[in-house]
Structures are given as structure tokens and as C-alpha cells.
Amino acid sequence: MLASLLIANRGEIACRIIRTARRLGIRTVAVYSDADAQALHVAMADDAVRIGPAPVRDSYLLGDRIIAAARDTGAQAIHPGYGFLSENAQFAQAVIDAGLIWVGPDPASITAMGLKDAAKALMADAGVPVTPGYLGDNQDPDHLADQAAAIGYPVLIKAVAGGGGKGMRLVERPADFADALLSCQREAASSFGNAHVLIEKYIERPRHIEVQVFGDRHGNIVHLFERDCSLQRRHQKVIEEAPAPGMDGATRDALCAAAVRAARAVDYVGAGTIEFIADASEGLRADRIWFMEMNTRLQVEHPVTEAITGQDLVEWQLRVASGEPLPRAQADLSITGWAMEARLYAEDPAKGFLPSIGRLDAFDLGDSVRVDTGVGQGATISPFYDPMIAKLIAHGDSRDAARTALAAALDRSVVWPLRTNAGFLVQALRHADFAAGDIDTGLIAREGEALMPATLPSEPTLAQAAARVGGAGALAGFRLNAAPQRQARVLVDGQPGDVAIDAPLAPAAGAIGPAPLARTLVTEQGRSWQVTPWRAAISGAAAAGDGAILAPMPGRIIAVSVASGDKVTKGQKLVTLEAMKMEHGLSAPFDGIVKDMPHDEGAQVQEGTLLARIVAEDAA
Ligand code: ADP
């Protein structure tokens, strides 16, 4: 077994690799950028090396620096994780040339799978079914149009060097072909430096099904069954599961055998994934599942395979890299139960899924399911890297058990003040079609609106929170022939809201002066809000520099202690309001001059009425 390992990555995957390495007694070395100096993976590793500034091209993509870091720390091997340099054949070769162990496949396997057309041709030769289409060298536009017609519309034009969902054009009608081809070639040339395209039959309502494969240096190749990653948002996986819903034994056998053939065709060593696209319009059928591409690395979604097989795939990678044979033979691998993973992103669904960056003041994902994360409470999410902050993985006896456990864990997740897609994931997991296993890659795009999480907590949750935070903002109201009702005004993430409450309110914190800013988070359906009493809000507003003093509730002014133009000091009493048989003193939030004093003693005022305004002396 290896003695030491450098992990050329960050975030959850670096932490996950370190955990297994530590269990196996391997010394670990982390690398980090300036933005990650305080990151969890750095704290977890035995040793850590700074490699450069925050941008990835100046740090995590600098292969030479990473190899130098391994040499300087005496690390014996490099694990690339996923993303970054993990599928870079030149880097893999440089690692090997430096006399280090590359935890991954041979550079030649990476290269063979690097171009879509070459990979498809190689797979077709190996007897792996590939999506019907044209892979030829003849790139003459008329010839390509003839090929598209022969394949039958709709077709997909794909840049052979494309990736990450870029360089693809869906063409529905022959009349649109020429323009789409030009635009695809332009994008391919500028993004990938290679204008070559292939043409594929466009599969409508497809499912994304992939097979985990593993090879060693002793000629063994096994598969660890399939995963279904059909739930995608803009071609990005969101929820993954294993096994695939609706997969029968015979279809699974055919698919997994094709995946092993694919791996064998490139003498595959280590962890790899064969991605297939399935036309499931009439259920999953072996003759309607086609090779799409091979990923020559560990996948983000590998934990669902770990859960159903009881294997640690990082341990497998490290054993294979050490030259050991695969830990299990095919006959010793089986599926137990069902597993489902959700990718938690720091992003705001209400703002078009824009990344939500800043400090994680509250971060608690509970411990009811497996959580793979690279951050903790207090961490800062920077704009430099992928906003995925955690993966939650549930395992149960049945698909429904895994699904409901995952939804419940996300439902309770507390993340604040950053926004996450947790509420969106909960809606997706509870969507009737998803629950029924009736999925395809277009489900999220079709159901978009229906999956949007609530932007405010529900009435009962808000009422409980209001009762808890209390404060002077509670009003008792009586309705004829009805039970007495109390209303509370609270601030929900800074926005005022009224709520009816049954329970008696907690007493206000001190009758005079601003209440301390309460920190109360309420969590519902995967979203957290801060609920503060209205009174606290006044001090909050004052702290923000706004000297407006508003009535926290309806009442009568019983004393006016200052006059317009007076100089006041912070904390000096300005007005006394009588409401709910109590006196509430309202005082200056900061030193300044009294600007407005619109009401006299005895005046009745409504909630929110301006009682006084203080301005800073230099602004007066
Ligand atoms: P990339 O390398 O850019 O990720 P892929 O070839 O892996 O591109 O395809 C990405 C996604 O595009 C797939 O997961 C699937 O949702 C969709 N897709 C790819 N090929 C087809 C096809 N022939 N028909 C329909 N959808 C497709």
C-alpha cells in the first residue's frame, strides 16, 4: 500500500479522499490556493502546500507546481479527484515521468476517450452499442446535411472536442441544418480549437444511465452496476441514484457487459464511468441504450455506488494504484437496497440559480444521512470555485425509503445567510413523476416553476418563530364572537411580516432601549430565514445608519422628551409610547440631531408611524 498521497484538488472530494487515505494509514498532503488557506481539506491533511492565488489557472491547474509540491513533501502518489487536472493526459504523464504514482488510468486511456468521435468509433469496434449517427472525417456541409437526413430528424450536432454541455446544437428541421452547423463549428473552433463535428440521432426524453467500472494491473475488469443521473438542470446532474429505476436483470446484464467491453477496449486501469443515453419511452430496453462517453476518473456521484455495494471506491483506487488486484471479483459484488444523492449548491433558485457567496454563518446538515462536504460553519464560499458545498447520500431498503430520507434530511438542512438549492431538491424529490421513477433529462426544464421553493416560511412556522422571538411587537386584538387573537409583526430576513399567533408571546427583552438583535433561524423545506422581532428591527435599522424611529405597534404617545433641532446622544430617551398597557421608551440609536418630531403628547399612532428622526450632526 502507498505510504503517502498528495491530493490535487479541494472541497468535498479532497476531504473524502483524505478520510479513506487516513483510514488506510496513508500520510496525506493537501494543496491549496490563497482563497483556501482556511479550508477544511487543508486542516484535515497531515501536510499542506500553498500553490498560488485563488484563480484555478494560477493554482489548481498548475501541474508543475503540484508535482513540485509532491516532491517537496515526499508524497509518493497524486490523486487528482474529479475536475481540474483529473482528465488531463499530459498531467498524468508528467506525474509518471516525475517518478510519482498517478492514481488514475494510463494517459493513453485518457487520450483514447478524449475525443467524442474517436471514442465512439473505438466503442463501436469493441461491440458496444453507440448512438446512431455519423462519425466520419468528411466535414463538407452538404455531405453532413445528407448524413443528417439519413439519420433522421431531430439530430444533434456535437463538437468532437466538446465538453461540459458546450458545442452541441439540436436541429429539428432540415431547413435549419446549415445555420446550426456553422454556429456549432464556430463555437467548437473558438472554445476547443477544433471545428470537427459529429452528428447524432437526437433521443427524445432520454435517460442518462452510467456504469461504474474498475480495472487493475492484473487484467481484471469488473463493473459495480449502474447509476441513473437523469435528473439534470441544464445538462448538469442534480440528483443521482443507484440502481436505475425500472432496470430489469437482463437489461442490466447486457448494459454492464457492454461497459466492461468498453473498459477492456482501452485496457482500463482504475475507476472509470461509461455513460449511456437511453430511450426509455417504452421502458428500459437493452437495444435502446447507447454509449455516450467515458469519464476516466472518479465521479461526483460515486457514493451511491458505494452505498449499494458496500465498497469504498477510493480505497479501490488506492489499492489498484499500489499494484494490488481489485478487492472483489465480479461474482462477489451485489446490490443491497437503494441509494440516492443530492448535490447541494450555494446558489439562489429565486435569482435564477446565481451562486450565493459569502460567509456560512449557519451550516448544519444533520447526521441522518451520509454527508460529504468540504466546508463547515464559519467557512466562506468564494466566487472562484464550483458552488457545490456538499453532497447528501441516503441509503434505504427501497427507492422510496432512500428518497424520503434524503428529502427529510434536505428539508431540515440549515444554511444561512447563503441560499442553497435545498428547497428545490426537496421539491424535485417529492415531485410525483420523480417519486414514481418516471424521469428523463428534461423533467426539471419542464417542471421548472413547480419545483421552485417557497420564498417565505409558512404561517404556522412563522407563528412559532414569532412566539419564540417575542418582543414588543405583539398586539392583542379581539373579534366579535371569536377567540382573542394576537398579531405579531416580525422581520423575516429583514422584510416586515405580520402573523397571527396563538401562544402567549415571550416577554420583551427590556422595556426601554433597543432589544438585543435576536438570532433566530427558522428552517422549513430546506430553506432558513432569520426571524427577528420588530423592536429589534428598529435597532437594526438604526445600526445601518437610518435614524428613523418607527412605532413598533399602535399606541399613544405619553411623553415627548426632546424637540426638533435638539442635540441628542446615543441611548437618550426620545419618546414614550403606551401600548398594550405597557410603556415603551424609544431612544436615539446614535449621537445626532433630532430632525422630525411630528407628534405631540397624547397622539394616537399606528404601527410603523414615524415618531422621530435622528440625523448625524454632519448631515444635519
Ligand atoms: P458533454 O461532454 O458536453 O457533457 P455529452 O455528450 O456527455 O456532452 O452530453 C451531455 C448531455 O446532453 C447528456 O447527459 C444528455 O442529457 C444530452 N445528450 C447528449 N447526447 C444526446 C442525444 N443524442 N440525444 C439527446 N440528448 C443528448
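Rules used throughout
Residues numbered from 1 in each chain as written. Predicted model: local features only at pLDDT ≥ 70, side-chain atom pairs only at ≥ 80, totals over all residues. Heavy atoms only, no water. Domains from an automatic or database assignment. UniProt positions renumbered as here; feature names shortened; annotations may be inferred. Helix = DSSP H or I, 4+ residues; strand = E, 2+ residues; numbered from the N terminus. Salt bridge = Lys/Arg side-chain N within 4 Å of Asp/Glu carboxyl O. Expected span 1.5 Å × (residues − 1). Buried < 20%, exposed > 50% of the residue type's maximum accessible area, 1.4 Å probe, protein only. Phe/Tyr/Trp six-rings, centres within 6.5 Å; stacked < 30°, edge-to-face > 60°. Lys NZ or Arg CZ within 6 Å of the ring centre and 35° of its normal. Core = buried A, V, L, I, M, F, W, Y, C linked by side-chain atoms within 4.5 Å. Contact = heavy atoms within 4.5 Å.

We note that the domain assignment places domain 1 (4-103), domain 2 (132-201), domain 3 (459-533) and domain 4 (548-619) within the protein chain. Relative to domain 4, the C-alpha centre of domain 1 lies at a distance of 60 Å.

With that out of the way, let us pick up the UniProt feature "domain: ATP-grasp" (unreviewed entry) in the protein chain. Using the residue numbers shown here, the UniProt feature "domain: ATP-grasp" (unreviewed entry) corresponds to residues 120-322. Annotation note: span residues 120-322, helix share 33%, strand share 31%, distance between end C-alpha atoms 31 Å.

Turning to the pattern of salt bridges, a few remarks are in order. A complete count under the given rule lists 39 salt bridges for this structure. For Glu275, the salt bridge goes to Lys237, with nearest N and O atoms at 3.0 Å. You can see Glu275 sitting in strand E13 (residues 270-279) and its partner Lys237 sitting in strand E12 (residues 236-242), a full 38 residues away along the chain. For Asp400, the salt bridge is made with Arg403, and the minimal N-O distance between the two is 3.0 Å. Pair noted here: Asp400 and Arg403 are both in helix H12 (residues 399-411), with a separation of three residues, about one helical turn.

What follows covers helix H1 (residues 11-23). Taking 1.5 Å per residue as the helical rise, H1 with its 13 residues ought to reach 18 Å, and the 19 Å between its terminal C-alpha atoms agrees with that figure. Burial runs high along H1: ten of the 13 residues are buried. Two residues or fewer past H1, Gly25 is found with a positive phi of approximately 75 degrees.

Evaluated as defined, the whole model comprises six aromatic pairs. Each ring, one from Phe353 and one from Phe424, has its centre 4.9 Å from the other, and the planes form 80 degrees; the classification is edge-to-face. Of this pair, Phe353 sits in the loop between strand E16 (347-348) and strand E17 (354-355) while Phe424 is found in helix H13 (residues 422-429), placing the two residues 71 residues apart along the sequence. Comparing Phe353 with Phe424, the two get one shared label, buried. Between Arg233 and the ring centre of Phe353, over which it is positioned, the NZ or CZ distance is 3.7 Å. Seen from the ring of Phe434, Arg399 lies directly overhead, with NZ or CZ sitting 4.6 Å from the centre.

Attention now moves to the nonpolar core. Counting 37 residues, the largest nonpolar core has Leu231, Ile239, Leu344, Leu392, Leu406, Leu410 and Leu429 as the members making the most contacts within it. Elements represented by at least two residues in this core include exactly E12, strand E15 (338-345), strand E22 (388-396), H12, H13 and helix H15 (443-447). Ranked by residue count, the leading element in this core is H13, at six residues. Filtering out sequence-adjacent residues up to four positions away, Leu344 remains in contact with Leu365, Pro387, Met388, Ile389, Ala390, Leu392, Leu410, Thr420, Asn421, Ala422 and Leu425. If you look at the next biggest cluster of nonpolar residues, it comprises 34 residues, including Leu5, Ala21, Val103 and Leu313.

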